[in-house]
Structures are given as structure tokens and as C-alpha cells.
Amino acid sequence: MVNGDGAHEHTEETDSKQDGNGEADGGEESNEQEVIVIQDTGFTVKIQAPGTEPFDLQVSPQEMVQEIHQVLMDREDTCHRTCFSLQLDGNVLDNFAELKSIEGLQEGSVLKVVEEPYTVREARIHVRHIRDLLKSLDPSDAYNGVDCNSLSFLSIFTDGDLGETGKRKKKGNEMEQIDCTPPEHILPGSKERPLVPLQPQNKDWKPMQCLKVLTMSGWNPPPGNRKMHGDLMYLYIVTVEERHVSVTASTRGFYLNQSTTYTFNPKPANPSFLSHSLVELLSQISPAFKKNFTALQKKRVQRHPFERIATPFQVYSWTAPQVDHAMDCVRAEDAYTSRLGYEEHIPGQTRDWNEELQTTRELPRKNLPERLLRERAIFKVHSDFAAAATRGAMAVIDGNVMAINPGEETRMQMFIWNNIFFSLGFDVRDHYRELGGDAAAHAAPTNDLNGVRAYSGVDVEGLYTLGTVVVDYRGYRVTAQSIIPGILEREQEQSVIYGSIDFGKTVVSHGKYLELLEKTSRPLKVQRHSVLNEKNDTVELCSSVECKGIIGNDGRHYILDLLRTFPPDLNFLPVDGVELSPECQRLGFPAKACADYIKVTYLLFMKMAALQLMQHKANRDSNKTDTPAITETSETLTESKNGECKGPLEGKELEESIPGLAQAKELAETLVAEDGSSIDPKSREVVLNACKAVGSISDTAFDIRFNPDIFSPGVRFPEESADDIQKQKQLLKDAAAFLVSCQVPTLVRHHDHVKLPDEGLCVAKVMKAQVRIGITELITRCAKHIFKTYLQGVELSALSAAVSHFLNCFLSSFPDAVAHLPPDELVSRRKNRKRRNRVPGGGDNTAWASLTPSELWKNIASEAQMTAPSLYRMVIITFLRLCFLKRCEYNFDSRHKPAFTEEDILNIFPVVKHVNPKATDAFHFFQSGQAKVQQGFLKEGCELINEALNLFNNVYGAMHVEICSCLRLLARLNYILGDHPEALSNQQKAVLMSERVLGIEHPNTIQEYMHLALYCFANNQLSTALKLLYRARYLMLLICGEDHPEMALLDSNIGLVLHGVMEYDLSLRFLENALTINTKYHGPRSLKVALSHHLVARVYESKAEFRSALQHEKEGYTIYKNQMGEAHEKTKESSEYLKYLTQQAVALQRTMNEIYKNGSNASIMPLKFTAPSMATILDQLNIINGIIFIPLSPKDLENLKAEVQRRQQLQELGKGEEPAEDRSLELEDKIPID
């Protein structure tokens, strides 16, 4: 593989940065060989199935026989078969064997599909599969959020697949064929926000009815005498022709019997057809079934595979059309068996989740194929566990699971279902009384999950975490965990051998746990420390005291309660005697942002070491003139350590202003990379001083770690470690100060991309626009918190009424929102009072009905700590996305009737948080590819990203958010390298995957639509490009509203494409809106505003309105001149264009004067009214989307090569732990990257 070694170097660097132990997996050669193993060439086999022509199938040696089964069950001509074996020369192939292990299987081998006898299990699988085929175009499962189905609408806007059909489509050069008019609600300034277009109706989804009814017969199960004749079960079917039939599923296949609704007669009907497949039987008895089923399968296989594959985790939609409830035997059976847990209670049917989760972690991981197998197994078990935990949590809250402590108050109850332990997020034992009671107990499970994610990510052999899923449903937070073997048979006090069960009063430690946790301390930046227990003995820990260690009956070392894995943010933790700066208290920002703090501190450490080295050198050379400057600089660096943050740009300026600093830094890096033995005393002193200055725990290398127990109430530290504790407190204070003085401002600057303007008035405007977005988010979060407690008191029968009442109070202009209580005839007079508290949390079940709009807004204002805002209109859609609504239009302005009724609330879905297992090798390849691209090696980068894509597919299957990122980057690289069709194909997959895995209106999906539109334009598919951009704008309007900085980019794209198809007036509407938004968010002197002025000027030029064009271009020229100087290329370009416009304006005026003077006799010079060329428009589109092609002269290329070689030599010298950000070339700004 090309660049295998380069990839490996990068892997080593990444590993050493992440794990801190510097150990990369295997050697360079092995890595190359491993990759080749994965790319092992495929071969072709011939498949011979009954009733069809033999066909060829491309297979890979790594595939299992089972995967060929799946392919056959998906193919149009063999999809109706489920119960068969594959035979090679009469030998049955093992389903779980890899193809390379099968003797005699080679290129051209013939595999026979042989029908096998059914069992009850196989017959059920067959019926379920037929039902799935019949419903394959029906989106109802996606709307209902079941079986990992989700929505995708891309094909509606692209008229099918862009790949092959794209090449056959008309090139779009005939402009009149393109309908460019957008729907009214998409135009700038439109106040309408219809919900119906969010889910456009696909004409393919119109149901093609194959059967009226397919359901289990009431005669099931077969009586004993029929079982001995081979009867497995009975089905009841009504065909489209209204024929009612009863079907027997037997071991040999399916046939009609003579039973009716009221009489049981299992004998075969006359004429008797016995078919191995239910589809073949139904095709014989119903012509309509035969015709429609064939048509349905044709449509099914024409759909893009990404529209059909199940996602790894369930994605829910927040709107849906009102659909009729159809009869569905499989859904009905699921509801009464596995879905409510009966099946899971049967011995042998239950999965031991803990054993599965831990066994997969113990799989070997010495080489790439082993690691891929291990990570695939971990990912599969995790996604299954998340699905089971979600089902269980919903069943618990709906009251369908018996508590294991039924005698206790409902808030304290715990549950076990399907080998998963469930607990509720309430403060039942006053653990969190000091920290906020139930609110703190509600936040704790998420922090615990973050701890589980962190320890799982480090993945230390021998240390185990529990499978953990946090589910929010109907106002309750449920934590679902796998069960440690033996934990339920003993008290917690006996089980815990490490940590504390009472917040630090009694603390115990254990040698093995210290050894295991020590391995995690460097990557997690956790400081090993000592605390005092209740007897004042010193106990050593390598985690927070909260973290508990329990050895299970299986001998594994488990850690749990990881909620304090990371240190607290002092900005949100008032501690007696600890003074924080007023700025910190005013701008506190809750974040676990130590990673960035450590990167910045590391850069500081390097610069300090470098400056001191220069000081020594200067003293040695007796060059006194340079010394004061260096001293001053080191003072400023020390200041920046105490909270003042230098931006990255200022850091570079500093480097340029001090001669020789870059070389000194390189020397410092080599010093730090050494083990300390061969360094001379002076240099060692330099490193020691730099370590002290930044708070490193080591004297010879940069190593910052935090003590998670600092400031924890109830934790006491030994006297002898007082100095260390003081240093650790200071480190935490520095991190807190860094958050508010550097991290948050940098975040704001990063989202702004451009230096803020200087005028006070303009700054105020920009900040006001940004504050508006922040307030929207704040109000929505406050409303969500209130909604959570509001729902807890609602019983199931009043749920839709309660949700619609809350929405009316929150969003409707109707001042007297009145709740609709259930009608009296449905309320039982003899209600059993004891059952009223079955809902966890209990309380008054009708209290929700008394909520009024003014009371709700008062509560929101109080939670947000601000006056009741008039900005509430902005949050409508943002909040509605938390609910599941009927897809229709809502009038929020009416003061005479409420916007919502209970009929509008269709369903309520859980919000699920879980661990996301990573594909580590694929991730390393992906990072290496990105690094290569940033260095300008696009082809090598492309190969590495392709390799990453293969590995991601190997671990995650076809659908995953990381595969989506991979496809997006590949598409961009294809585009840059000039392969536009390939870019289109990859980006189409990225859009489909983003819709399916993240959601149809997720911000990433909107961006993917924009990228796809650009590639469509480059492929001359202009009308498709416009449709995609209109879709992106509609989604953006719905989710963020028009007043959002990202809308400017979208409108610039739309305006440019419309300019290209000569729709000048429409184009101006979008481009002028983009100009307004850019000016508002970035200030009138921003470079984005200059570009916007230029784009508007181009359209005015095309319209021959030269005066307006000149006006806009002058504005742009002024900005370029002030920001970049006269000599800059952009300023010169703008100046040239101004001259051209002036000439055109003068020529036009002359012509007009000539006409006025001489009338019809005037001799008119032909004016140049040029339509914009597609190439020019494409160049402009590239620029606004951040893709800039820089033409390099041969001399530039030579310099570039020399610079790259110099960097590579430096890397070989061993640039140990320098963060990747500092290592990217200056070239970074010039090479187009994502």
C-alpha cells in the first residue's frame, strides 16, 4: 500500500499523544502487510437457485457464508427464500465459516441454493421477512421509530440516483428547461414556515397493495396430532380480490388448508399447491399479488442501498403525517412477546449482556485483523445493548416491569429486565442534598456516562466498566446498566474494595486497582493522590473517591460510579476561601475543557524552554543587546500562564519578532523528547524551570494531571501533601480562569472566522445578533427543564392532552390556554386509590392542567435569571423538535384559539445517550489522511482516507456517522483532484447517510446538501443543484430562522447558481440578503462583506446596471484596501474590475446620448452584455465554500518540496509530544481542506 509507512508514523504520534505511553501497535512492515490483508482481492462464484437462471456473484475471502445468504435474501429474484443452505459439490457450507477457509471454493465455483425443511423458528423468520418485503417502501416504521428505520428524502430532489442516471441526464445547457423559481416560503423575507414540506411525499411510497390481511390464525398453535403431520403454524390471509384463505406452514413448505374462521379443517384445499416459499403460493392464488409484488420488488431494488439498510442506533423524527393504522401480524406478535419482556424471561432466551460486553473486550488485539474483529464485536454488542436498554427503560416508565423492591416508595424503586438493571434519577438517599437534590441526581448519570466513555476509550486490559445507557422518557431519567456477576447476592459495603461508598468518609484502596488505574492516569490526566479515611489513615487513590472498585464473581475488576472522573469547573463551584476573578464569576462556562488547556500550556512550556535556551546562548555570546527583549518576552509568557490568553496569531507574531526563536524551539523539542540522561546540566535546568512554571508533575518532561478530589466536599488530605494539594488547587484555578479568559472568547472568535470590526456601534450590533442566538438556546433549555418535571406528574391516559397544553402555554399567542381533561365517561368512578402512584415519582395526576402561559414564562425567566423575554417567538421550531407532532400547519399568532390540540401529539419518544465504541485503526488512518491532505499530498491523503473507509465499514457496517465524515472528505478530495462524477457519487452517499443516521434536519445534513449542490453544479446538473440548495435553505429556515450567520453562505450559493442560469432578479434577492446578514454578523469591514459586495456587483453588471455595480464594487475595494493594503492581490483585482465597470458605464452612457441625439439614425456600437460563464460561477462557488485553487509556479513548487523535506527530517529527529495543531504547515491556508 502506498504511504503505509507514513500512515504508521502518524499512528505512532497519535498513540503517544493519546495514551501517553508512546507505544504504537506493531512495526512499520507489519502495518503494511496488515493493510494488504484487508485488501485481499475478491473472486467470482456462480449461484444456482431453484426457479431462476444461474448468476455470478463477486465475493471477498474475508466474507462469511452468512453474508451470501443476506445478499440472496435481498436480491429481486431470490428475495422470497429464507430457509435454504448453500452447497458446494454436495457439501453443505457452514454459515459462520469464512470463504477463504472453505476447501475447493475458488474463482468460478458453483454454489447451489438447496431448500431446507422448516422449523417453527424458520417459519416465523420467513413470515417476518415476507412482511418486511411487503412494507419495504412504506415509511411508517421510520415515522414510528422502530427497528432502526429512519427517513431519507434526497432521492425526491435528485429524481433518483445521481450516479449512473446522472450521466444520462440532459446536461442542462438548454437554460429554458430549468425551472428556477423557488417556493414562496423559501424566498428571503418570507414569514411563512410551513411544516408539510419537511417530509415531502414520495410517489413511490403510495402503497402498492399486495394483500389486504396477513396475520396469525386463531387456530394456533397446531394440536398434537397435527404437529406429528408436520404442521408448524397457521396463517390467515385476505387477498386483494377479497378471497379469505387459511394457510398451513409445515416442515415442507406452505399450502392452503380447508379451515374457515369458525371451523378447523387442516386438510389441504383442492387443488393443493405446496410451495416452499409463501410468495410462490400467494402468486398462484392471487393474480393481483403476483403483479404488485413483482412491481414492488423492482422499485425496492432500484432504491439506493443506503435508503434501505438499518441504522446502528434508532433515529427519531419529530413530525409525521397522520397515517391510518394498518393490521400487521408481525408488529402485533412483537408487542405481546419480546417487546414486553416475556420472551426475555424464558431460560436460554435471555442474553447475558455483561458477559457479552466484557468478553468482546477480552478478544485478542495484536494485529489489524484481530483488532477489526474485536471492534466489530464490541460495536455490535453495544448497539444491541443500547436498543434493549431503551426498550426496557420505556417499559419501566410505562409501568410494565415489576420492581425488585416493590414495597418502597416509587422514586426509590429499582428494576431488572432482560438482565439489565434500571434505576431512576432521583436523590433518594440525600446523597446530593448539598449539591442541588433531585436536579443534581438528574445530572449525575450523564457525568457517570462521560466517565464510562473516558475509561472505555483508554481501553486498559484487565479494567472493566459496565454497559451504561441513559434514557430520558416522559420526564424521567433512567440509567440502564449491565449487572456485575454476584453483586445482587451481597451488600454493597462488602463488595467495594476500592473507593468510597459514602462520599469520602470511609475510603479503601487495593493494589491491583491502583496498578490498573495508574495506566489510565496519563491519558486521562488524573493525578495519583492520597486522602484520609475515617480513622485518619492515609489511603492512596488514582481516581476520584466516588469511583468504586468491585471484583465480580467472574474474577474481573470492575469500576463504577465514574461521575467525578474529571475535576470540577470552579466557575460553577462556590468554595469557601477560594477567590476567583470577577470575570470568571461573571462569565463562568461549564465545560470539561482541560484538553485545550493542556495543549495551550504545552505550547507555553515549549516557548519558555526555547526562550531560556536563547538566553543562555545570548549570555555565552556576550550579545547584551538581545537580552532585555528576551527577558521581557518571558515575563509576558508568565503573565499569559496566569489566565491571560494569547491567540494563535499573536503567538506566531511573537515567534517572528524574536530572531532565532524557531530554531531554539526545535532544540527544546529534542531536549524534551530525550530521556534526560544525555542532556547537559544547563539544558536540564532549562527544562526543570519550564516544568515548574507550568505546573508539570515531572521535572524532566511536560506532564500535567488533575486531582479530581480537589474541592470535593467531605474529602480530607494528609498534612504531608499540603504543598502538592496547594499546587493542584492552583492548577485547577488556572484551568478555570483559562476557560473564561481564553476558551470561550476563542470559541466566539472561531465561530466568527473574521476579526471583529473596530467601531463600537458595529461591535454592539454583531454582539446583539450573536446574543440573540444564545438567548434562543437558553430559553429552549429552560423550557426543557420545566417540561421534564411537568411531565412527571402526568398519567398515561392524559399524556397527549398534557403535552399539547404545555405547548399552548409556551408558544401560542392564545392568552387563556385551558387544558382538556379526559372526558368523564372514561374516568372510572371506582378508581383504585392504591394504583394512583404507579407512575414513578407519583404526585397529583391533574396538577399539570392548572399551568397558565404567564406562570410558565415566569418560571422560564426565573430559571434563565433574566426578565421574561419578548424573544420567545424564535424558539418555536427549536422546541417543537423535542416533541412528536402531526405534520400540519400551526397558527401561533391567533389570540382566539390555541395552536395545538391533543390530536396533534402523535407519540412520545425517548432521548438516549450511550457509549460510542470507536474504530481505532480506521480513525488513525483517517487522521493520517487528513494530515497528508493538509501537507498538500492530496493523492496519498485520498488513498489513506479510502483505506479508513474500508476499515470503518469493516467495524461499523455500512451506516455510521464516522463513515459519513469519511465520504464527505473523499468527495471533497475527488472534487479538488478534478474527478467530479466520483465526488458526486461519494457526496450523495454522505447526504443519504447523514439523513439516516443524524436526522433529516440535522445541521450536518444541511451542510451535506450544500456540498452536494456544488458538485451537481460542477457536473452541469443545474436544476438538481438548485433543488438541493432550496431544500437546504428550507431546512435552515425551519431550524435556525433567516437571521443566522450560516444563512449568508447558503444565500450566496443560491444567488450564484441563479446568476449562472441568468435569473438576475432572483439572484439579487438572495445575494443582497447574504450581504445584509454578513454585515450584521461580521461588521461592515469584514472580508466576507467585501466578497458579498463583489458578487452583487457581478449580477448588476450582467443586468447592465453599471451604476449600482460600481457602487457595490467600490465598497468591496475600500474594505480590501483597508484590510489588506494596496499591494494585495485582492485589492488589485477589485481595482481592475472597477476600471472595467467604469469603461462599460461610460460606453453605455455614450450610446444612450447618441440615441437621444440622433434618434433612429444613430450609429450604435454593439455593447458587450456577457452572460456569466459556468467556469466563472464555479470559481466563485469554490471561493465562498472555502475551496481555493492556488496556481503555483515551478519555483514555488521547489520551495514547497524543500520545506516539506525539512519538516520530515525534523520529525525523524523525534518530535515527541508536540500537539498536531502546531505541526501543520503554513501551506494549510493554501491547500483546500474541509
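Note that the coordinates shown come from a computational prediction; the quantities given were computed from them, not determined experimentally.

**Topic: the overall build of the protein**
Right, on to step 1. Looking only at helices and strands, the protein features 42 helices and 23 strands.
Right, on to step 2. Within the protein, the proportion of its 1234 residues that are buried is 50%.
Right, on to step 3. Long-range pairs, those at least 24 residues apart, make up 70% of the contacts in the protein between residues at least 6 apart in sequence.
Right, on to step 4. Counting only carbon and sulfur atoms, one obtains 52% of the accessible surface of the protein, whose full area is about 59500 Å².

**Concerning the sheet that holds strand β1 (residues 43-48)**
Right, on to step 1. What the five strands build is an open sheet, ordered β2-β1-β5-β3-β4; its pairing is mixed. Every interior strand has two partners, whereas the edge strands, β2 (55-59) and β4 (91-92), have only one.
Right, on to step 2. The sheet contact formed by β1 and strand β5 (residues 110-115) spans three bridges and is parallel. Counted as the bridge partner of Gln-48 is Lys-112 from β5.

**Let's talk about the sheet that holds strand β11 (residues 414-417)**
Right, on to step 1. Strand order in the open sheet formed by five strands is β11-β12-β15-β14-β23, with antiparallel pairing between adjacent strands. Of all strands in the sheet, those with a lone pairing partner are β11 and β23 (911-914), marking the two edges. Across the sheet, the mean angle separating the axes of adjacent strands is 20° when strand polarity is ignored.
Right, on to step 2. Summarising the sheet, strand β14 (residues 468-473) and strand β15 (residues 476-482) pair through six bridges and their orientation is antiparallel. Pairing of Asp-472 across the sheet is with Arg-477, part of β15.
Right, on to step 3. Along the sheet, helix α15 (residues 438-458) makes contact with β14, β15 and β23, crossing β15 at roughly 35°.

**Digging into the packing of helix α31 (residues 961-976) against helix α33 (residues 1003-1018)**
Right, on to step 1. At their nearest, the axes of α31 and α33 sit 11 Å apart, and the two run at 25° to each other. As the angle between them shows, α31 and α33 are arranged roughly parallel. In this structure, the crossing between α31 and α33 has a hand that is left-handed. Between α31, through Cys-964, Arg-968, Ala-971, Arg-972 and Tyr-975, and α33, the contact on the second element is made entirely by Asn-1004, Glu-1008, His-1011, Leu-1014, Tyr-1015 and Ala-1018.

**Structural notes on the pattern of salt bridges**
Right, on to step 1. In this structure the tally under the stated criterion is 44 salt bridges.
Right, on to step 2. Where Lys-135 meets Asp-141, a salt bridge forms, and the shortest distance between an N and an O atom there is 3.5 Å. Comparing Lys-135 with Asp-141 shows no difference in burial state: the two are buried.

**Remarks on the packing of aromatic side chains**
Right, on to step 1. Summed over all chains, the structure comprises 22 aromatic pairs.
Right, on to step 2. Consider the rings of Tyr-1137 and Tyr-1140, whose centres lie 6.3 Å apart with planes at 25°: the pair is stacked. Of this pair, Tyr-1137 and Tyr-1140 both sit in helix α39 (residues 1129-1158), separated by three residues, roughly a single helical turn.
Right, on to step 3. Given a relative accessible area of 10%, Tyr-1137 falls into the buried group.
Right, on to step 4. Tyr-1140 gets classed as partly exposed once you look at its relative accessible area, which sits at 27%.

**Thoughts on a nonpolar patch on the surface**
Right, on to step 1. A cluster of nonpolar residues, Met-1152, Ile-1155 and Tyr-1156, forms a patch on the protein surface that exposes about 310 Å² of accessible area.
Right, on to step 2. In this fold, Ile-1155 is placed in helix α39.
Right, on to step 3. Given the relative accessible area of 34%, Ile-1155 is considered partly exposed.

**Quick notes on unusual backbone geometry**
Right, on to step 1. In this chain, Asn-220 is followed by Pro-221 through a cis amide linkage whose omega measures -10°.
Right, on to step 2. Positionally, Pro-221 belongs in the loop between β6 (211-216) and α8 (224-227).
Right, on to step 3. Even without a glycine there, the phi angle at Glu-242 is positive, about 65°.
Right, on to step 4. Inspection of the secondary structure assignment puts Glu-242 in the loop between β7 (231-239) and β8 (244-250).
Right, on to step 5. With relative accessibility at 44%, the residue Glu-242 sits in the partly exposed group.

**Details of the environment of Met-1062**
Right, on to step 1. Tracing the chain through its elements places Met-1062 in the loop between α35 (1045-1060) and α36 (1064-1082).
Right, on to step 2. Met-1062 sits 37 residues away from Val-1099 along the chain, and the two C-alpha atoms are 9.0 Å apart.

Conventions and cut-offs
Residues numbered from 1 in each chain as written. Predicted model: local features only at pLDDT ≥ 70, side-chain atom pairs only at ≥ 80, totals over all residues. Heavy atoms only, no water. Helix = DSSP H or I, 4+ residues; strand = E, 2+ residues; numbered from the N terminus. Buried < 20%, exposed > 50% of the residue type's maximum accessible area, 1.4 Å probe, protein only. Contact = heavy atoms within 4.5 Å. Areas by Shrake-Rupley, 256 points an atom, 1.4 Å probe, with all protein chains shown as cover. Pairing = 2+ DSSP bridges. Axes fitted to C-alpha atoms, helices over the stretch in contact; angles between N-to-C directions. Parallel < 35°, antiparallel > 145°, perpendicular 65-115°, else oblique. Left-handed = near helix turned anticlockwise from the far one by under 90°. Salt bridge = Lys/Arg side-chain N within 4 Å of Asp/Glu carboxyl O. Phe/Tyr/Trp six-rings, centres within 6.5 Å; stacked < 30°, edge-to-face > 60°. Patch = residues over 30% accessible without salt bridge, like charges linked within 9 Å, V, L, I, M, F, W, Y side chains within 5 Å.

What is shown is where atoms sit, not what they do.
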